[in-house]
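Structural features, examined
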Amino acid sequence: MSRPPRSRSSLVVPAVLCALVALGGTPTLSQGADGPEASAEVARLYKEASDATQHYEEGRKAAALQKKEAQKAERLLAQERRESAVLHDDLGRFARAQYRSGGDVPVAAQMLLSDHPEELMRGQRAARQADLALDHAIGRSRRAEKKLEEGRRKATAAWASLEKRNAELAGLKKTIASKLQAAQASLQGEADQSVAAGQCRGAVRLDQPPITTTRAWVTPVETYELSAGFDSAGARWAHRHTGQDFAVGIGTPVRAAGDGRVVSVSCGGAFGIQIVVRHRGGYYTQYAHLSALAVDQGEQVRAGQWIGLSGTTGNSTGPHLHFEVRLTPYLGSGVDPVGWFAERGIPL
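All of these numbers come straight from a predicted model, not from anything done at the bench.

**Some details on the overall build of the chain**
In terms of helices and strands, the chain carries five helices and 12 strands. For the chain, buried positions account for 37% of its 348 residues. Taking as baseline every contact in the chain between residues at least 6 positions apart, the subset at least 24 positions apart corresponds to 72%. For the chain, the accessible area works out to roughly 18900 Å², and carbon and sulfur atoms hold 54% of it.

So, in structure tokens, the structure goes:
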């Protein structure tokens, strides 16, 4: 089960074209004296990848809409051309009829030869009016065709421009993904060294995004898939699984589930790099298998604040966040996080 990221897509083409080139301005990062550079690099690249993906999706949706507009303009133009061809045919038939009915004989001569000159005059007036009306209709059709052709050209050009920019953004996304993969490997290597030494590196001080939530509790990661659940069996656990796993990539920002104080930071053993936070009401939350820390022991944190980066340290077979809700700071006092969050109106 996954929670898709929030979309801020705009389908207004001019705004999208401006936004597509605005990929700079990523948050700056600072770190403690001993903090690993790879942590900052991964966090920066995650932000760049998120921005590039957002702009690409905006551009892709805008291009799809613009393509529909171009196709609609093409259909309208084709319809106008068909109607114009019908009008031209009507004009041709009218001219031929005039010719067959004496259109090449002067009107004065026709009147002298006619047995009913009044009817002839009425017929001539009707013919001139019909001829004039048909000319006006053809003129309007030609003007409409010209206007539609201009609209079709503009719509097609806008679509082509968006498609070209989207291709450039796709290349940019690929480049960022390659850099992110290399930085993730470096970050995990540094994290494994910390765990092997049993000594934590200095906390990486992230430039925190604005905390806009009004909720008392939030999920520990924003976008994820649930993997191993609470109390499930597995060969890698001595007894049963003591928490809920969130499948996320190395370096994903990990958030404090609620306001509280960091009561424990450690970098060794089965949980690898881990943090334990004490919350009001006597609850504790644990965040394990991290690749980096963003807080120190004793620090006060807010719900939604970044406190670390996910990883695969300790007894872990792949990148994920092991999350626990406990009644004490210690292993073995956990409750099911899915049910605990559900009681607080947060479905996982």
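That shown, we press on.
**Thoughts on empty space enclosed by the protein**
Rolled over the atoms, a probe as big as a water molecule pinpoints where empty space is left. All told, the structure shown has one cavity of 30 Å³ or more when counted by the stated rule. Breaking the lining of the largest cavity down by element, the ones donating at least two residues are α4 (117-197) and β8 (284-293).

**Thoughts on the environment of Ile-275**
Its location among the elements puts Ile-275 in strand β7 (residues 273-278). Expressed as a C-alpha distance, the spacing of Ile-275 and Leu-290, which sit 15 residues apart in the sequence, is 8.6 Å. Those residues in contact with Ile-275 that lie beyond four places of it in its chain are Val-262, Ser-264, Val-265, Thr-285, Gln-286, Tyr-287, Leu-290, Leu-293, Val-295 and Ile-307.

**Digging into the packing of aromatic side chains**
Applying the stated criterion to the full structure yields seven aromatic pairs. For the pair Trp-217 and Trp-340, a centre-to-centre distance of 4.8 Å together with 80 degrees between the ring planes defines the contact as edge-to-face. Residue Trp-217 is located in the loop between β2 (204-206) and β3 (225-226), and its partner Trp-340 is located in helix α5 (residues 337-343); the two are separated by 123 residues in the primary sequence. Taking the relative accessible area as the measure of exposure, Trp-217 reaches 11% and is therefore buried. Taking the centre distance of 6.1 Å and the plane angle of 80 degrees together, the rings of Phe-246 and Phe-323 count as edge-to-face. Residue Phe-246 is found in strand β4 (residues 244-247), and its partner Phe-323 is found in strand β11 (residues 321-326); the two are separated by 77 residues along the sequence. No difference in accessibility class separates Phe-246 from Phe-323, as the two residues are buried. Three or more aromatic residues link up through ring pairs in this structure, and these residues are Trp-217, Tyr-224, Phe-246, Tyr-283, Tyr-287, Phe-323, Trp-340 and Phe-341. For Arg-344, the ring lying beneath its charged end belongs to Tyr-283, and the centroid distance is 5.1 Å.

**Quick word on the state of the cysteines**
All told, the structure shown has one disulfide when counted by the stated rule. Here Cys-200 engages in a disulfide with Cys-267; their sulfurs sit 1.8 Å apart. One disulfide, between Cys-200 and Cys-267, carries an S-S torsion of 110 degrees and so falls in the right-handed class. Remark: Cys-267 occurs in strand β6 (residues 260-267) and Cys-200 occurs in the loop between α4 and β2; sequence separation between them is 67 residues. Cys-267 sits in the buried class, given a relative accessible area of 5%.

**Notes on the pattern of salt bridges**
Enumeration over the complete set of coordinates arrives at nine salt bridges. With a shortest N-O distance of 2.6 Å, Arg-165 and Glu-168 are connected by a salt bridge. Placement of both Arg-165 and Glu-168 in helix α4 is noted, with a separation of three residues, approximately one turn of the helix. Ionic contacts of the salt-bridge type, sharing partners, join the residues Glu-41, Arg-44 and Glu-48 into one network.

**Some points on the nonpolar core**
If you look at the biggest cluster of nonpolar residues, it comprises 29 residues, and the most contacted ones within it are Ile-275, Tyr-287, Ile-307, Leu-321 and Phe-323. Counting only elements with at least two residues in this core, the list comes to α4, β6, β7, β8, β11 and α5. Among the nonpolar cores identified, the runner-up in size contains 16 residues, and Ala-38, Leu-187, Val-204 and Ile-250 belong to it.

**A word on the pairing of strand β10 (residues 306-310)**
Most of β10 is tucked away: four of the five residues are buried. Two elements, strand β5 (residues 253-255) and β10, share three bridges in a ladder whose sense is antiparallel. Across the sheet, the residue bridging to Val-254 is Gly-308, located in β10. Sheet topology places β8 next to β10; three bridges connect them, and they run antiparallel. Looking at the pairing, Leu-290 lines up with Ser-310 of β10.

**A short note on the pairing of β4**
One ladder, built from two bridges, connects β3 with β4; its direction is antiparallel. Paired with Glu-225 across the two strands is Ala-247, which belongs to β4.

**Structural notes on the side chain of His-241**
Tracing the sequence through the fold places His-241 in the loop between β3 and β4. The class of His-241 is buried, set by a relative accessible area of 3%. Only 3.2 Å separates the side chain of His-241 from the side chain of His-322, close enough to count as a polar contact. The contact partners of His-241, leaving out residues within four places of it in the chain, are Ala-228, Gly-229, Phe-230, Asp-231, Ser-232 and His-322.

Cut-offs and rules
- Residues numbered from 1 in each chain as written.
- Predicted model: local features only at pLDDT ≥ 70, side-chain atom pairs only at ≥ 80, totals over all residues.
- Heavy atoms only, no water.
- Helix = DSSP H or I, 4+ residues; strand = E, 2+ residues; numbered from the N terminus.
- Buried < 20%, exposed > 50% of the residue type's maximum accessible area, 1.4 Å probe, protein only.
- Contact = heavy atoms within 4.5 Å.
- Areas by Shrake-Rupley, 256 points an atom, 1.4 Å probe, with all protein chains shown as cover.
- 1 Å grid on protein atoms, 1.4 Å probe; cavity = no way out; pocket = protein on both sides within 12 Å on 5 of 7 lines; lining within 4 Å.
- Points joined across faces, edges and corners; volume = space filled by probe spheres on them.
- Phe/Tyr/Trp six-rings, centres within 6.5 Å; stacked < 30°, edge-to-face > 60°.
- Lys NZ or Arg CZ within 6 Å of the ring centre and 35° of its normal.
- Disulfide = S-S within 2.5 Å.
- Salt bridge = Lys/Arg side-chain N within 4 Å of Asp/Glu carboxyl O.
- Core = buried A, V, L, I, M, F, W, Y, C linked by side-chain atoms within 4.5 Å.
- Pairing = 2+ DSSP bridges.
- Polar contact = N/O pair within 3.5 Å; in protein donor to acceptor, adjacent residues only side chain to side chain.

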